[in-house]
Amino acid sequence: MNEDIRIHSWPCSYYLDTSKQWVSGRLLLTPVAIKFTADKTGELLVSFHLSSISEIKKETSNLIFSSLTILEKNTKHWFSSLQPSRNVVFNILEHFWREQLLSSQGGGAEAAASQSTKGKELTGLLTGSQKRLEDTAKVLHYQGEQFDNIMKGLNKIEGDMDVADRLLTELESPSWWPFSSKLWKTPLETKPKETATVSDSKNQEGILIRIPVIITHRTDSNVKPGKLTLFTSGLEITDCNSQVIHRFESKDVDDIRVHTPYEISVRQRFIGRPDTSYRLLSAKMPEAIPILEMQFSKKMQFLEDALGFAGASKSPQVDLGTSIWQAATGLLGGVVQPGSPVGDKEGVDNDQVQLQKHEKISQEEAKELRQILKKLKGLALETEAELERQDEALDSITTSVDRATLNIDKQNRRIRKLT
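Nothing here was measured: the structure is a model prediction, and the numbers come from that model.

### Regarding the overall build of the protein chain
Logical step 1: If you tally the helices and strands in the protein chain, you get nine helices and 15 strands.
Logical step 2: Sorting the 419 residues of the protein chain into buried and exposed places 37% on the buried side.
Logical step 3: Contacts spanning at least 24 positions in sequence make up 54% of the contacts within the protein chain whose residues lie at least 6 apart.
Logical step 4: Entry remark: accessible area of the protein chain is about 24,800 Å², with carbon and sulfur atoms responsible for 51%.

Shown next, in the form of C-alpha cells:
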C-alpha cells in the first residue's frame, strides 16, 4: 500500500543512456521507491527501491547544466532541469533515502523481516500500541493540569467577587455604619497568598515526539532540513543546528492540513498581515500525525490524498486502548493454547482465527506479550479514569463560570445604582 502513495513529483529531464539523449518527464517519489515516467510515451523508464541507492549527489552535465545523480547499485542515473530547483529535490530525496536506510538498516532488513516470527510481529504491534497510549496519557495529563489551573483561576475570581461584594455593601451602607474599617482590611490580607500559587506550573513540559523534517516556509524555492518537536503545550520547528525557527503554542495553531500521510502544513492566521505557515515533509510523519490528532482534533483537516490515513488513525482514545488489549489478549490465548476457546467467538476476526490455527509462538515471546498486555490494560484504565475526571472538571468549570457571570451582572447593577 505504501508504494501507491505519491509523496512528490517534479518535472525534469532524464538522460537515457541507450539512445544517448535527454528525455523530458516526471520524477516521482514514493515512500519506498523512485520512478521516472516519460511525458510523450508515458513509459516507465526508471524504477528502483530507495534501499538500493548508494549515493545521491549534485553534479553538472556537459560543464553547463546543473544535474542530480543517483547511484543505484552499479548504475548512475542523471536528472536535470529539475523544478522548482535542484536543491529542493535533492533535500527531499536525501531525507527519504536516509530515513529508509535508518529504518530498514540497509538492504539486509528485508531478509531479516522475512525470517521474523509472528510472535515478534505481534510484540512490535503491541509495543507501538503501548507507546501511543503512553503519548495519549501524557496529553491527557497536561489537559488535566490545564483544567486544574482553570479551577484555581475561577476560585480566585470567586474570592475577588466576594471582596468586591463586601466593598459594594460598605459603599451602599450609611455613613454611620460602624464596621467599615474591618471590611477594608480583609482583601489586603487574603490577596498575596493566592497570587503566589499560580506561577510554578509552566516549568515542566514533556516531549511527545521529535522527528526530522523538510521545512518549507511560504515559497517552494526555500526548502531546508530541520526537526519537528511535539510538546504537550504545542509544537516547535528547529533547524539542523537546533536553533528555533518557530514555536506554535496550542492556542496559536488555527489549522493543520494533512496533505498526505507524509506531509502537513501548520498555519496561524492574522488580520492585516500575512499568515504564519510552515509546510513539513517527513518519512516519520505517520508517527506524528496520531499525536497531532489527539492535541488538535478540531483543527485537523485531512485532504483527499490523506483521507484513508485519517480513517485508519481515528478512534476514541479509551476505546483504542481497551480494544487493543481485548483483541491481543484473545489472540495471545489462541496462539499459546490453540485448542482452548478464546472468550466470546463473536468478537474474534477471521484473521485471528486463521492465526490461531496455523501459528505458534515461543514461551519467551508469550511471556513478553503478557507483560505488554498488562501494561496496556493499566494504561487503558488510567486513561479512562482521567477522562472521567476531566468530564467532572468541565462540569464544575461550567457551573463556576455561570455563577461568576450572574455575580458580575448583579454587581454591575449595584454599581449603576451607586453612580
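Still more ground to cover, so stick around.
### A closer look at the pairing of strand 9 (residues 223–231)
Logical step 1: When strand 8 (residues 207–216) meets strand 9, the two strands line up antiparallel, connected through nine bridges. Bridging across to strand 9, Pro 212 finds its partner in Lys 227.
Logical step 2: Hairpin remark: strand 9 followed by strand 10 (residues 234–239), antiparallel, with two residues in the connecting loop.

### Regarding the sheet that holds strand 8
Logical step 1: On the basis of which strands lie adjacent, the open sheet formed by eight strands has the order 11-10-9-8-14-13-12-15 and mixed pairing. Looking at which strands have only one partner, the edges of the open sheet turn out to be strand 11 (244–249) and strand 15 (300–302). With strand direction ignored, the average angle separating the axes of adjacent strands in the sheet is 30°.
Logical step 2: The sheet contacts of helix 5 (residues 285–295) involve strand 8, strand 9, strand 10, strand 12 (255–260), strand 13 (263–268), strand 14 (276–281) and strand 15, and relative to strand 8 the element is tilted by about 115°.

### Considering the UniProt feature "coiled-coil region" (unreviewed entry) in the protein chain
Logical step 1: If you check UniProt for "coiled-coil region" (unreviewed entry), the listed places come out as residues 366–393 in our numbering.
Logical step 2: A helix fraction of 100% and a strand fraction of 0% characterise residues 366–393, whose end C-alpha atoms lie 40 Å from each other.

About the thresholds
Residues numbered from 1 in each chain as written. Predicted model: local features only at pLDDT ≥ 70, side-chain atom pairs only at ≥ 80, totals over all residues. Heavy atoms only, no water. Helix = DSSP H or I, 4+ residues; strand = E, 2+ residues; numbered from the N terminus. Buried < 20%, exposed > 50% of the residue type's maximum accessible area, 1.4 Å probe, protein only. Contact = heavy atoms within 4.5 Å. Areas by Shrake-Rupley, 256 points an atom, 1.4 Å probe, with all protein chains shown as cover. Pairing = 2+ DSSP bridges. Axes fitted to C-alpha atoms, helices over the stretch in contact; angles between N-to-C directions. UniProt positions renumbered as here; feature names shortened; annotations may be inferred.

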